[in-house]
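# Examining the three-dimensional arrangement
Read off the chains here:
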Amino acid sequence: MRDNDLMYKREYIRPMMTPQHVYVFRFGKHRLNNRVIIRYSHTWTGRLKINEIDVRLHHQHHPRIFLTESDLIDYLKHHMEKKKRAREEENHHVDDDE
């Protein structure tokens, strides 16, 4: 997060009636308008078992749901590369107009 100059805030929620734990991670460049919600539980051996990862980036109406961390990381890398290319294209287009 710090490599991309993003602010973040972490919250932990443990519902009283379910064995599932919830971890909320909010992040953003200027506002904390993106969030990742991780729902997890523990196996009988004590290991963490991720049940679901919900990602809602700014201006998205429906969260993206992932079952593994690697799927989430691949999605975020692709999203960041797409944003970076759009910025570079915009900068290149502005330079051509001058």
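Residues numbered from 1 in each chain as written. Predicted model: local features only at pLDDT ≥ 70, side-chain atom pairs only at ≥ 80, totals over all residues. Heavy atoms only, no water.

### Looking at the overall build of the protein
The following threshold applies: Strands here mean DSSP runs of E at least two residues long; helices mean DSSP runs of H or I at least four residues long; both are numbered from the N terminus. Radius of gyration here uses only the C-alpha atoms, and the compact-globule reference equals 2.2 Å multiplied by the residue count raised to the power 0.38. For the exposure calls, accessible area comes from a 1.4 Å probe over protein chains only, and a residue counts as buried if that area is under 20% of its type's maximum, exposed if over 50%, partly exposed in between. Calculation of accessible area relied on Shrake-Rupley with a 1.4 Å probe; when residues are assessed, cover is drawn exclusively from the protein chains displayed. The charge count includes Lys and Arg as positive and Asp and Glu as negative, but it does not include His or the ends of the chains. Note that the charge is assigned to NZ on lysines, CZ on arginines, CG on aspartates and CD on glutamates.
What the protein contains, in helices and strands, is 1 helix and 5 strands. Secondary structure of the protein in N-to-C order comes out as β-β-β-β-β-α. In terms of overall size, the protein is more extended than a compact globule, its C-alpha atoms giving a radius of gyration of 17 Å where 98 residues would be expected to give roughly 13 Å. Per-residue burial over the protein gives 21% buried out of 98 residues. For the protein, the exposed surface amounts to about 8200 Å²; the carbon and sulfur share of it is 53%. Both charge centroids of the protein, one from 19 positive and one from 16 negative side chains, sit 12 Å from each other.

### With respect to the sheet that holds strand β1 (residues 7-13)
This is how the line gets drawn: Strands qualify as paired when DSSP identifies two bridges or more between them. Simply put, an axis is a line fit to the C-alpha atoms, just over the touching stretch for a helix, and the angle between two N-to-C directions goes from 0 to 180 degrees.
Strand order in the open sheet formed by 5 strands is β1-β2-β3-β4-β5, with antiparallel pairing between adjacent strands. In this open sheet, the two edge strands, each paired with only one partner strand, are β1 and β5 (64-66). Averaged over all neighbouring strand pairs, the angle between strand axes comes to 15 degrees, with direction disregarded.

### Remarks on the environment of Glu52
Applied cut-off: Every residue pair with non-hydrogen atoms within 4.5 Å of one another is taken to be in contact.
Inspection of the secondary structure assignment puts Glu52 in strand β4 (residues 48-56). Spatially, the C-alpha atoms of Glu52 and Ser41 are 10 Å apart, while their sequence positions differ by 11 residues. Leave out the neighbours within four places in its chain, and Glu52 touches Ile37, Ile38, Arg39, Ile65 and Phe66.

### Description of the confidence of the model for the protein
Low-pLDDT stretches of the model should not have their predicted coordinates read in fine detail. This is how it is decided: As a per-residue measure, pLDDT reflects the predictor's confidence and takes values from 0 up to 100.
Overall, the prediction assigns the protein a mean pLDDT of 83, with 92% of residues at 70 or greater. For the protein, helix α1 (residues 69-97) is the element with the lowest average pLDDT, namely 81, and β5 is the one with the highest, namely 91.

### Examining the side chain of Ser41
Inspection of the secondary structure assignment puts Ser41 in strand β3 (residues 34-42). A residue is classified by how much of its surface remains accessible, and Ser41, at 14% relative accessible area, is buried. Non-local contacts of Ser41, meaning those with residues more than four positions away in its chain, are made with Pro19, His21, Arg47, Leu48, Lys49 and Asn51.

### A word on the nonpolar core
Put simply, the rule is: What is meant by a nonpolar core is a set of buried Ala, Val, Leu, Ile, Met, Phe, Trp, Tyr and Cys residues, joined one to another through side-chain atoms within 4.5 Å.
Leu6, Phe25, Phe27, Val36, Ile53, Val55, Leu57, Phe66, Leu72 and Tyr75 together form the largest nonpolar core, which totals 10 residues. Among the elements of the structure, β2 (21-28), β4 and α1 are those that each provide at least two residues to this core.

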